[in-house]
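Chain and residue survey
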Amino acid sequence: MKVTSQALAILSAILLNTSAFTSVHHHRASTSSSLKVTNDLFVEMTSKTGAAAAAGTANTHSSVETYYGDTLKETADLLTNACCTAARPAPQIAKAISNIHPDVIKKYYGCGFCVPDEVEGMTILDLGCGAGRDVYIASQLVGEKGRVIGVDMTAEQLKVAKETQAYHADKFGFDNVEFHEGLIEKLDDIDSLTDGSVDIIISNCVINLCPDKEAVLKSCHRLLKPGGELYFSDVYASRRVPQELREDEVLWGECLSGALYWNDFQNLAKQCGFKDPRLVEDAPITIENKKVQDKIEEMGHKNLEFYSATYRLFQLDCLEPHCEDYGQAVIYKGTIPRFESGWSLDDHHFMEKGKVFPVCGNTYNMLKETRFEKHFDFVGDWSTHYGIFDGCGTSMPFKSSIDGVSTKGGGGGGGGACC
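All of these numbers come straight from a predicted model, not from anything done at the bench. (Residues numbered from 1 in each chain as written. Predicted model: local features only at pLDDT ≥ 70, side-chain atom pairs only at ≥ 80, totals over all residues. Heavy atoms only, no water.)

Quick word on the environment of Leu 260
- Summarising the element assignment, Leu 260 is placed in strand S6 (residues 260-261).
- In this structure, the C-alpha to C-alpha distance between Leu 260 and Asp 234, residues 26 residues apart in sequence, is 9.3 Å. (Helix = DSSP H or I, 4+ residues; strand = E, 2+ residues; numbered from the N terminus.)

Structure (structure tokens):
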């Protein structure tokens, strides 16, 4: 695969003119440069104009569209395994895949299986649907009474999805899908997508390719019904990806250079209204291409690591910033199909059938105020607050809470305490 000098020059211009993302801290207002939360490229804005930003974003879209529309012809053309699914699909997913047209399978570039449980009759939106593999998986899972909407910017990919639509309708016995060409940062442009109209949004290794991730997450929050969720797989980095790697067209197209630092993703998701992002599963990405790996190491970034991860983000205004303890618990009934013995909400909440399972207030609401309510019995109320829920992401910061020994007056530059 040959990357032209012109393409590299274009990408360099794109990325040097892309807006900056920064986590929200109180000291942000005092910095000398203006930092704007619009995407994941952590570059200080100096003399950038609105026109330059628009041109840079447009060029990024053009570069990605060319890579996935012209450069890549099938899955085998990928240079790394960042956009490959290593895990074996669950039996019901494998069965659904077996019903999908080979031309659709051949042009699949995702990094996970991102259709959640309990979706029958739901309306699902697939962001960056490509040739439609996940749309046609979801089509079978939601059934005839459900609906699946696919959005993608690449005409070549959508052509395959639409040309095989009649094949899948005949195979499934119903046609419940629709496809739209467009940018997932501009979902407002699609008339059929209205506020609070979608139960579940899925996306498979696509959001990292977007120059304006904030716009994507805000649109998702707006389109979801209360209690709905964004359930998606994507690529994340162990630290902020350096500028010189972001300027590499192949690494961008391979879903590496556009990857968010995991903690910046968490902060951005919360800013966009998803107050408690939950990690479902993750796996390290091994760049099984010596030329690509050598390039990263030669630039001095050997310790930069990438991960494929699936998150679920619930649209629930009742969630708190941290996991608080109200003495609540849930009891799983064993009624979610295929999970009669136990079911996992995320990577640290596996609930066995019939067993009392203590939960924080957020987990309680994620089950009580969503489509999962009928599968649980709920214990407790909100009358008494017992502090932070230990072991659920945050613990009390005071060292003296552990051993009872005061840390006041022990030196340091803070001076005396106020009491």
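Re the packing of aromatic side chains
- Summed over all chains, the structure comprises 15 aromatic pairs.
- By way of ring pairs, the aromatic residues Tyr 326, Tyr 332, Trp 343, Tyr 364, Phe 372, Phe 376, Phe 378 and Trp 382 are connected into one cluster.
- Here the basic side chain of Arg 133 rests over the ring of Tyr 108, its NZ or CZ set 3.7 Å away from the ring centre. (Phe/Tyr/Trp six-rings, centres within 6.5 Å; stacked < 30°, edge-to-face > 60°. Lys NZ or Arg CZ within 6 Å of the ring centre and 35° of its normal.)

Remarks on the packing of helix H5 (residues 133-142) against helix H7 (residues 165-172)
- Packing of H5 against H7 brings their axes to within 11 Å, and their N-to-C directions diverge by 25°. The angle between H5 and H7 places the two elements in the roughly parallel class. As H5 packs across H7, the resulting crossing turns out to be right-handed. Each of Tyr 136, Ser 139 and Gln 140 in H5 lies in contact with H7, whose residues at this interface are Gln 165, His 168 and Phe 172.
- Residues that form the contact of H5 with H7 fall into these classes: 2 nonpolar, 4 polar and no charged. (Axes fitted to C-alpha atoms, helices over the stretch in contact; angles between N-to-C directions. Parallel < 35°, antiparallel > 145°, perpendicular 65-115°, else oblique. Left-handed = near helix turned anticlockwise from the far one by under 90°. Contact = heavy atoms within 4.5 Å. Nonpolar A, V, L, I, M, F, W, Y, C, P; charged D, E, K, R; others polar.)

What to know about empty space enclosed by the protein
- Scanning all chains against the criterion turns up 4 cavities of 30 Å³ or more.
- For the second largest cavity, the full set of lining residues is Ile 207, Asn 208, Lys 213, Leu 217, Phe 232, Asp 234, Val 235, Tyr 236, Ala 259, Leu 260, Phe 265 and Leu 268.
- Taken together, the elements giving at least two residues each to the lining of the second largest cavity come down to helix H8 (213-223), strand S5 (224-237) and helix H11 (262-271).
- Considering only residue class, the lining of the second largest cavity consists of 9 nonpolar, 1 polar and 2 charged. (1 Å grid on protein atoms, 1.4 Å probe; cavity = no way out; pocket = protein on both sides within 12 Å on 5 of 7 lines; lining within 4 Å. Points joined across faces, edges and corners; volume = space filled by probe spheres on them.)

Thoughts on the layout of surface pockets
- Of the voids in this model, the second largest pocket is the one considered here, and its volume is about 540 Å³.
- The set of elements that each furnish at least two residues to the lining of the second largest pocket consists of S5, H11, strand S7 (278-284) and strand S8 (306-314).
- The element that contributes the greatest number of residues to the lining of the second largest pocket is H11, accounting for 5 residues.
- Residues belonging to the lining of the second largest pocket are distributed by class as follows: 11 nonpolar, 9 polar and 6 charged.

The analysis is restricted to geometry; functional conclusions fall outside its scope.
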